[in-house]
Structure formats: structure tokens, C-alpha cells
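# Breakdown of the fold
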Amino acid sequence: MTSHQPPLWRRAVAELLGTCLLVSIVVGSGIAAQQLSPNDVGLQLLENSTATVLGLTVLILVFGPVSGAHFNPVVSAADWFLGRRSRTGLTLAELGTYVVAQVVGAVGGSVLANAMFDVGTSISVKERATGGHLLGEVVATAGLIVLIFALASTNRGALAAPAVGAYIGAAYWFTSSTSFANPAVTVGRIFSNTFAGIAPASVPGFVLAQLIGAALGLGLLAVLFPVASRNADDVVLPHSMEKAGS
């Protein structure tokens, strides 16, 4: 990354807190939905997705100027991959720091949500890894990568917060997997045996599908937006010290 970026420790804290709060929103709203609408799964999903759309939009706006608000290892990996030659994205060391912060934050988010609702932290038994679910994760992740980097490459990064929130909210409904599209969030959701949880046995398939989706998204970017690598450091939001006033 450029010398105008905030220091790495500050970006790592932003990624940890942002991912923690994102997972606490997903898991916490899932618990609330189960309690408020115990006999209506469709209404539970509507409540869960609405909270996620609004929460994710806010989190991107809050933490974007510091770290870019990736909150997602595949977004960070795509940022590194696209910017590695032009040195516009994460370095390999920064990528590793981001991913560790995201995974730790995601696990903490589940624990936090469980504690807020007085639900004991336990391993989920909710199996999800069917063929349809895995295909849904490929589609959801590919679309997310294309959306984020298309906005950056066309200088529309200011729209990232509402656009990403809207996309994830829509993908809750048009994918059978309810659009995890995020390896860190997937791991974090192991630790809540509630509406939003996922059984450990389903996680490897989900993460593999997400990686395949990210690769597909990068391929689509190469065709549709070949200049995407020039703006890798503006993903998800621009986060230079000058712009952020750091």
C-alpha cells in the first residue's frame, strides 16, 4: 500500500472491530428473530437480512476511512492479488494481518451476540453444505467481488456502503445459502448454535466455494474492468490518511 495509508496496527484494529460487530449483527439479529417470530422462518430471515443490510452499511461508513472496511478475507485477498504488481493493494504481510484480525473479530462477534442475548456460546449443529448451498456461495462471493472492485475502478467508491449492504441483503434471498460470502464470518458463525449458525463440518465446503467465487469474480473483473488493479487501495472505501484526516 501507499505511504498515505493509516498505520497497519490501526487498520488491523478497525478490521477486528468491524468484523466483530458485523458478526454480532448477523448472529444477534438472528437470535432476536427466532425469539420474536418463532413459528415463521420467512419472517425470521426478513428480520435478519434487514438488520444486516443496515448494520453493514453503517460499519463500512465508520471503518472504511481507516482500513477500507474489508471485513472479509476474500476481499482482502482480491485486493492483494489485483494490486500486487502496481503496488496499489495490500502487501502479503498486510494481507496476513487483515485475515487474522478478521477471523478473531468474527469469533468475538458470535461470543458477543450470544452474551447479549444470554445464550451460551456453543458449537452450531446447523448443517448447510448441500450442493445448492455451495453453488449459492460461489455466486454470492463472485458478485460481491465484482461489485466492490467495479465501484473502485470507476471512481464510485462513495457508493460502496449502500451498494454492498444492498447486495448482501438481496443475496440473503436469491441464494440458497443466504449469502455468507465471507470465510471469516463463516468461521465466526460456528460459535453460535442459533438461527445464523453453521456446523463445523459445513465450513470447509463453504470456504472453498467462497474462494472459487472470488476467483470467478476476479476473472469477470479482468474481462469487464481491466483497470481494476489501479484502484485496489480504494477498496472497499478509500482510506488514505489525507482523505481520512488521520
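For the structure itself, look to the data block above.
Keep in mind it's a predicted model, so treat the numbers as computed, not measured. (Residues numbered from 1 in each chain as written. Predicted model: local features only at pLDDT ≥ 70, side-chain atom pairs only at ≥ 80, totals over all residues. Heavy atoms only, no water.)

## Some remarks on the overall build of the chain
This is how it is decided: Runs of H or I in DSSP of at least four residues are treated as helices and runs of E of at least two as strands, each being numbered from the N terminus. Radius of gyration means the value over C-alpha atoms here, while the globule rule gives 2.2 Å times the residue count to the 0.38 power. For every residue, the accessible area obtained with a 1.4 Å probe (protein chains only) is divided by the maximum for its type, and the residue is called buried under 20%, exposed over 50%, and partly exposed between those limits. For the area figures, the Shrake-Rupley method with a 1.4 Å probe applies, and any residue is considered shielded solely by the protein chains shown. Charge counting follows a simple rule: Lys and Arg are positive, Asp and Glu are negative, and His as well as the terminal groups are ignored. Lysine's charge is taken at NZ, arginine's at CZ, aspartate's at CG and glutamate's at CD.
Secondary structure assignment for the chain yields nine helices and zero strands. Seen in sequence order, the chain has helices and strands lined up from the N terminus as α-α-α-α-α-α-α-α-α. Over its C-alpha atoms the chain spans a radius of gyration of 17 Å, differing by no more than 12% from the 18 Å that the globule rule assigns to 246 residues. The buried share of the chain, reckoned over its 246 residues, is 54%. Of the roughly 10000 Å² of accessible surface on the chain, a fraction of 70% belongs to carbon and sulfur atoms. Measuring between centres, the 11 positive side-chain charges of the chain sit 10 Å from its 11 negative side-chain charges.

## A word on the packing of helix α1 (residues 8-36) against helix α4 (residues 92-116)
Rule in force here: The axes used here are C-alpha line fits, helices contributing only the stretch in contact, and every angle between their N-to-C directions lies in the interval 0 to 180 degrees. Handedness of a crossing follows from how the near helix is turned relative to the far one, being left-handed for an anticlockwise turn of less than a right angle and right-handed for a clockwise one. All amino acids are sorted into three groups, where Ala, Val, Leu, Ile, Met, Phe, Trp, Tyr, Cys and Pro are nonpolar, Asp, Glu, Lys and Arg are charged, and the leftover types, Gly among them, are polar.
Close contact between α1 and α4 brings their axes to 6 Å; oriented N to C, the two are set at 35 degrees. Between α1 and α4 lies a crossing whose hand is right-handed. Looking at the contact of α1 with α4 residue by residue, the classes come out as 13 nonpolar, ten polar and three charged.

## Topic: the packing of aromatic side chains
Counted only if it meets this: A pair of aromatic rings is counted whenever rings of Phe, Tyr or Trp (Trp by its six-membered ring) have centres within 6.5 Å, and the orientation is called stacked for planes under 30 degrees apart, edge-to-face for over 60 and tilted otherwise.
Overall, the coordinates contain four aromatic pairs when judged by the stated rule. Each ring, one from F63 and one from F71, has its centre 6.2 Å from the other, and the planes form 85 degrees; the classification is edge-to-face. Residues F180 and F206 carry aromatic rings whose centres are separated by 5.0 Å and whose planes lie at 70 degrees to one another, so their mutual orientation is edge-to-face. With F180 in the loop between α6 (160-174) and α7 (183-188) and F206 in helix α8 (residues 203-224), this residue pair connects regions lying 26 residues apart in the sequence.

## Some points on unusual backbone geometry
One can expect most non-glycine residues to show negative phi and most peptide bonds to be in trans. Here the phi dihedral of N155 falls at roughly 55 degrees; this positive angle occurs in a residue that is not glycine. The residue N155 is located in the loop between α5 (131-153) and α6 in this model. For N155, a relative accessible area of 67% gives the class exposed. In this structure, A181 takes a positive phi of about 50 degrees despite not being glycine. With respect to the element layout, A181 can be found in the loop between α6 and α7. On the accessibility criterion, A181 (1% relative accessible area) is buried.

## Observations regarding the pattern of salt bridges
Convention followed: We count a salt bridge whenever a side-chain nitrogen from Lys or Arg sits within 4 Å of a carboxyl oxygen from Asp or Glu.
Using the criterion set out here, one finds one salt bridge in the structure. The salt bridge partner of E94 is R11, with a shortest N-O separation of 3.0 Å. Of the two residues, E94 sits in helix α4 while R11 sits in helix α1, which places them 83 residues apart along the sequence. Residues E94 and R11 agree in their burial class; the two are buried.

## Considerations on the nonpolar core
To keep it simple, the criterion reads: Residues belong to one nonpolar core when they are buried, are Ala, Val, Leu, Ile, Met, Phe, Trp, Tyr or Cys, and are joined through side-chain atoms within 4.5 Å. Between two residues, a contact is recorded if the distance between any of their heavy atoms is within 4.5 Å.
I60, I145 and V164 are the most contacted members of the largest nonpolar core, which totals 45 residues. Those elements that place two or more of their residues in this core are α1, α2 (41-67), α3 (73-83), α4, α5, α6, α7 and α8. Among residues more than four places away in sequence, those in contact with I145 are V74, V75, A78, A214, G217, L218 and L221. With five residues, the next largest nonpolar core counts F180, I190, V203 and F206 among its residues.

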